[in-house]
Structures are given as C-alpha cells and as structure tokens.
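# Secondary and tertiary structure notes
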Amino acid sequence: MSEASETLEQVFREEYGRIIATLIRLSGSFDLAEESLQEAFASAAANWESGGAPRNPGAWLTTVAHRKLLDAVRREKTKTEKQIELTYEAERLRTYDEPAPPDEAMEYPDDRLRLIFTCCHPSLSLEARVALTLRTLGGLTTSEIARAFLTPEPTLAQRLVRARNKIRIAKIPYEVPSLNLMSDRLAAVQAVIYLIFNEGYSATAGDSLVRRDLCAEAIRLARVLCELSPGEPENPGLLALMLLQDSRREARMNENGEFVTLEEQDRSRWDRREIEEGLRLVETALRQRSVRNYQLQAAIAAVHAEAKTAEETDWRQIVALYKELMRINSSAIVALNHAAAVAMSEGFEKGLILVEEAGASGRLDHYYLFHAARADLLRRLHRSQEAATAYTRAISLTTNHVEQQYLRKRLNEVAE
Amino acid sequence: MKYMLLIYDKEQDWAKLSEAEQRQVYGEYMKFTEGIIASGNYLAGAQLHPIATASSVRVRDGKELVTDGPFAETHEQLGGYYLIEARSLDEATSIAARIPSSRFGTVEVRPVVERQAEATA
C-alpha cells in the first residue's frame, strides 16, 4: 500500500463521521452528504497518489466534499424544479442558496452528536440503528457490515435505504434531544454501541478481522460520546466496560482456537494499556455519584482486572456489585450472574440454589449460559450425572462452535 | 410537516369504565385538545363510533361491495384521530404521548404525504 493510500484509509476511518455529520447538517440529506463524501474520497485517491497527501488531509477532504455537495445540491435543485423529492431538506436548502466558502466555523462540534441521536432514534428498528450507525458514523462499507452481521448484502443495503427514507419522510430530527428526552435517548445510543461491541466480541462465526473492527469501532464511538457529552457518567462507564472486556480478547482463546474461561486465562496476555485506561475511567465515573448499569458492570470487570490471579479475585466485592445491579435491573440474567459470583465467594451449594432460583421463572430455559452455569456448579459439587444432563442441554442451545467445543470438553470430563 | 395520530384502544375496556371514569377521560381529552389548539399544532380531530357501526366498501370489477364491520379485526380498534402540524417526529410523538388513550391504548404516528412527488419517492 502506498503512503498516500494509507493516509487516505486512516483519514477515512477517523474523519468520516465528523465530515459527514457536517455535510448532513448543511444539506439535510443523508444521501447527498454520503454521495459528496464518496466523491471527495475518490478525488483524494486520484490526487494524493500523484501529488502526495496534503498537510491537513481532514481539512482538504472537508473542503472538497463541501464543494461536491454544492454541486449536488444545485443538480438536485434543477432536477426538482418540477418534481420535488427533497421536502425534508427544502427549508435548509433555501438558506443554502448563497453559501459561504467552507471554513472552520462551518463545523460545529455538535454535528456528530446530533448524528448519533438521529442514527439511534427509537423510531428506527434496532437492526437499522446498528447498520446506520456503523455506516454513517463509522464509515464502514455496506459489505463490511453485512459480513460482520452475517446478513446478505442486499438485505443490509435495503435496510439502510429504508432507514434513510424514514428519517427523511417521517422527519426524524437531526438535533440533540430536548432535556426531557435526553436520558432515554442517550440510553438508546449506549445500547446500540454496546450491541456493536458485543457482536464483535462474542466469538460466533464470521470474519474475525471484521469482528475485531466492530469492537474497535464501538470503543471509538464511545470515546466520541464521552467527548461530546461529558456530564453523563454512563458514557465513561460504557467505555470502561468495553475496554476492560476487550483487554481479555487475546486470552479468551488458546492457540487451538478453543475458548478459555476467565478463571483459566493467562492473565499476562491481558492488555495492560486497556486495563489501565478502563480502571481510570471507572473511577472517574463512579466519583460522579450517579451509579447505573454500565458503571456497575464496568466496576465488576474492574475487580476481575485487578486480580493478579483467579484465586485473588475479590468475589465478595463482585457479589456486592451484582446486588446493586439487581436493584436497578431485575433481569433474570443479572440474577444468574449474581448467583455465579455467590458460588465463588460463599460456596457452590449456595450458588447452585441461587442459580436455580434465577431460572425458576422459566425465562432462562432457552438461555444456554443458564444451563452451562448450572452444569459447572454441579460438576464442582461432583454431581456428575446431573452435570452431564445440564451440559448436554447447554450444548443443544448454543450454535456457537467455539462454545460448543468447550462444553463438550467439560461433558467428557464429567462423563468419565 | 403534518402527522396523523391514530388512536387505538380496546373498545370493551372503554365500555367497562363507569360513567364517572368515562367523564374524566373525556375531560382529559378536552383539555388536551384545547392545549394543542392553543399551541397551534391542531389541524383536525374526531372520535369515532365503535366498530359495531363500521362498514367496509370495496369496488371489484366495477361492482360495489359493502360489508359489515371494520377492514381488519384487531386486538385494539381505531377509535379516533388527530391531524396535527409538528416540527419533527419528536414533537409529534411527544404530542401523541399526551393523548389520554396513550396510557391504555396505542397511538400510531404517521407522516402525511403533502406533495405528489413524495408518494412515489
């Protein structure tokens, strides 16, 4: 890869969301903005190859994309003299007749924040929010997103078209939500980012490089969110949670591609840099004294990160944090995790009772981790036959090859 | 930007309310309507009679077919509507959330086609 195209690729990833957010504000149209930015990247590819990359590639691209946008807007206006398709942007286009040359003042730091809220609007389906966020803010291509989510590319492209049409026709606003909507909307954005991360983190099938990209992208988006909305402690909470989970990425699989439990992981392979940043963020977030979901999950991950060996893990602290989490989140899955922590701090018997209580509602019947957790405790209690039944049930409920392999290994152990 | 707010709720539940309770909901509706008239969002609105009074019309092969009942038998029934003017979907949904029936039924928010071209877009 030449130096110019390397610069271009880097700029593409880093600047895409920022530039497109400004273009969308100026034109009011996702389609025009995207088209113009694509053209700008194409012309950068052509120009930089021969003349070398400019000193400030981001500014270069903004200026060129802006010019392309003006052309596109003019074209669109001529085309729409008779047939007007741009109802959504009509208002903005009127004030855009005599555009000033692009300069620093054209760019508002809020643009990206607005765009995040539009892409994660609750009126869009969750799949559409994820796709739109990755495409628009992350600059991932349709084919990259399709590969990451194992979705046929035409389906994904169609999903994006529908989402953009809905934004335009139903007039989903391109603005930072009003104060009374803010906390719900911010939670929706955080959920989309965490979903992107989990999609990349869970070791299901698919292109592993793309999956790693998803995690990196989610972490990058969370950083943007922290930067743009610093008063909300759940933002650093979410970022910390993802960093701390991501720090264990290398240790989660052994050289044979087999899944390694937290207990058995080689902790020297944990990413210290991510851990340190994560720990710092958790501390800062908790100091704001508005402790909620992501901060608590991050705090739990932090306790694991601080333990030099599995034996040194402060399980009592983890149990206390899960108790706090259960107070604000009554899901059976949280109760299950609490039970697993109790098993480690107060004994397997007690843990098993709580695991079974968590599953009593029947809501976890089809959740493979419930059966895997039960099986694990039964195994530790030497109740082999029951453990084998539970492992078998867990295996039948996961489609993930790596997890199946791990559970089979355990099943063989108890069956011996 | 115009939006249609379609109010769906269960007719049987409404029938089960006492007269005093019904009066209270009507009072809330009046206050809500006055509120959106004062704020300039109101364009039109009406309550509909129950689906027992509904007729459906289809013309097939030039022949007019009139049948008893609503277009679709659903869990919740269309009981009324408001046509409003709002700046964005967020404004429209926040108005919808103030409709008394949103607490026990569902309000569907639909953007209204305002230009010929948009229908084909």
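From a predicted model like this one, the values you see are computed outputs, not experimental measurements.

What counts and what doesn't
Residues numbered from 1 in each chain as written. Chains lettered and ligands numbered in written order. Predicted model: local features only at pLDDT ≥ 70, side-chain atom pairs only at ≥ 80, totals over all residues. Helix = DSSP H or I, 4+ residues; strand = E, 2+ residues; numbered from the N terminus. Buried ≥ 20, exposed ≤ 12 C-beta atoms within 10 Å, placed from the backbone. Contact = placed C-beta atoms within 7 Å. Pairing = 2+ DSSP bridges. Axes fitted to C-alpha atoms, helices over the stretch in contact; angles between N-to-C directions. Expected span 1.5 Å × (residues − 1). Arc of directions from axis to C-beta. pLDDT = per-residue confidence, 0-100. Core = buried A, V, L, I, M, F, W, Y, C linked by C-beta atoms within 7 Å.

### A few points about the overall build of chain A
Helix and strand counts for chain A come out as 19 helices and zero strands. If one aligns the C-alpha atoms of chain A with their principal axes, the spans along those axes are about 80 × 50 × 40 Å. For chain A, the proportion of its 416 residues judged to be buried stands at 42%.

### Things to note about the overall build of chain B
Counting its regular elements, chain B contains four helices and six strands. The order of α-helices and β-strands along chain B, N terminus first, is β-α-α-β-β-β-β-α-β-α. Taking the principal axes of its C-alpha atoms as reference, chain B extends roughly 45 × 45 × 20 Å. Long-range pairs, those at least 24 residues apart, make up 75% of the contacts in chain B between residues at least 6 apart in sequence.

### Looking at the sheet that holds strand β5 (residues 77-85) of chain B
Residues and elements named next belong to chain B. The strand order across the open sheet built from four strands is β2-β5-β1-β6, with neighbouring strands paired in antiparallel fashion. Bordering the open sheet on either side are β2 (42-47) and β6 (106-111), each of which pairs with just one other strand. Between one strand axis and the next, the sheet turns by 20° as a mean value, whatever way the strands run. Alignment of β2 against β5, held across five bridges, turns out to be antiparallel.

### Description of helix α16 (residues 348-359) of chain A
Residue and element names in this part refer to chain A. In this model, α16 (12 residues) spans 16 Å end to end at C-alpha, consistent with the 16 Å of a helix rising 1.5 Å per residue. Of all the positions in α16, only G351, L352, L354, V355, A358 and G359 are classed as buried. Along α16, the residues classed as buried sweep out an arc of 165° about the axis, all on the same side. Residues of α16 that are buried make contact with α15 (332-346) and α17 (368-380).

### Section: the confidence of the model for chain B
Residues and elements named next belong to chain B. Per-residue confidence for chain B gives a mean pLDDT of 92; residues scoring 70 or more make up 95%. Per-element confidence in chain B ranges from a low mean pLDDT of 51 for helix α4 (residues 116-120) to a high of 98 for β6. What the predictor reports for the complex is a pTM of 0.82 with an ipTM of 0.85.

### What about the nonpolar core?
All names here are of chain A. Counting residues in hydrophobic clusters, the biggest one holds 125 residues, and the most contacted among them are A218 and A222. Sort the elements by how many residues they give to this core and helix α1 (residues 3-27) lands first, with nine residues. The residues touching A222, leaving out its near neighbours within four places in the chain, are I193, N235, L238, L239 and M242.

### Points about helix α3 (residues 89-96) of chain B
Burial runs high along α3(B): six of the eight residues are buried. Taken residue by residue, α3(B) has L89(B), D90(B), A92(B), T93(B), I95(B) and A96(B) as its buried positions. Residues of α3(B) that are buried in the fold lie against α9 (179-201) of chain A together with β1 (2-9), α2 (19-38), β5 and β6 of chain B.

### Remarks on the environment of V107(B)
Residue and element names in this part refer to chain B. One can find V107 in strand β6. Considering only alpha carbons, one finds V107 and G40, 67 residues apart in sequence, at a separation of 20 Å. Discounting chain neighbours no more than four positions away, the residues touching V107 are L5, L6, I7, A96, I99, S101 and S102.

### A look at the pairing of strand β3 (residues 55-60) of chain B
Residue and element names in this part refer to chain B. Little of β3 is tucked away, with zero of its six residues classed as buried. As paired strands, β3 and strand β4 (residues 63-68) are joined by six bridges and run antiparallel to one another. Across the sheet, residue V59 finds its bridge partner in β4, namely E64. Adjacent in sequence and paired antiparallel, β3 and β4 are bridged by two residues, among which D61 carries a positive phi angle near 50°.

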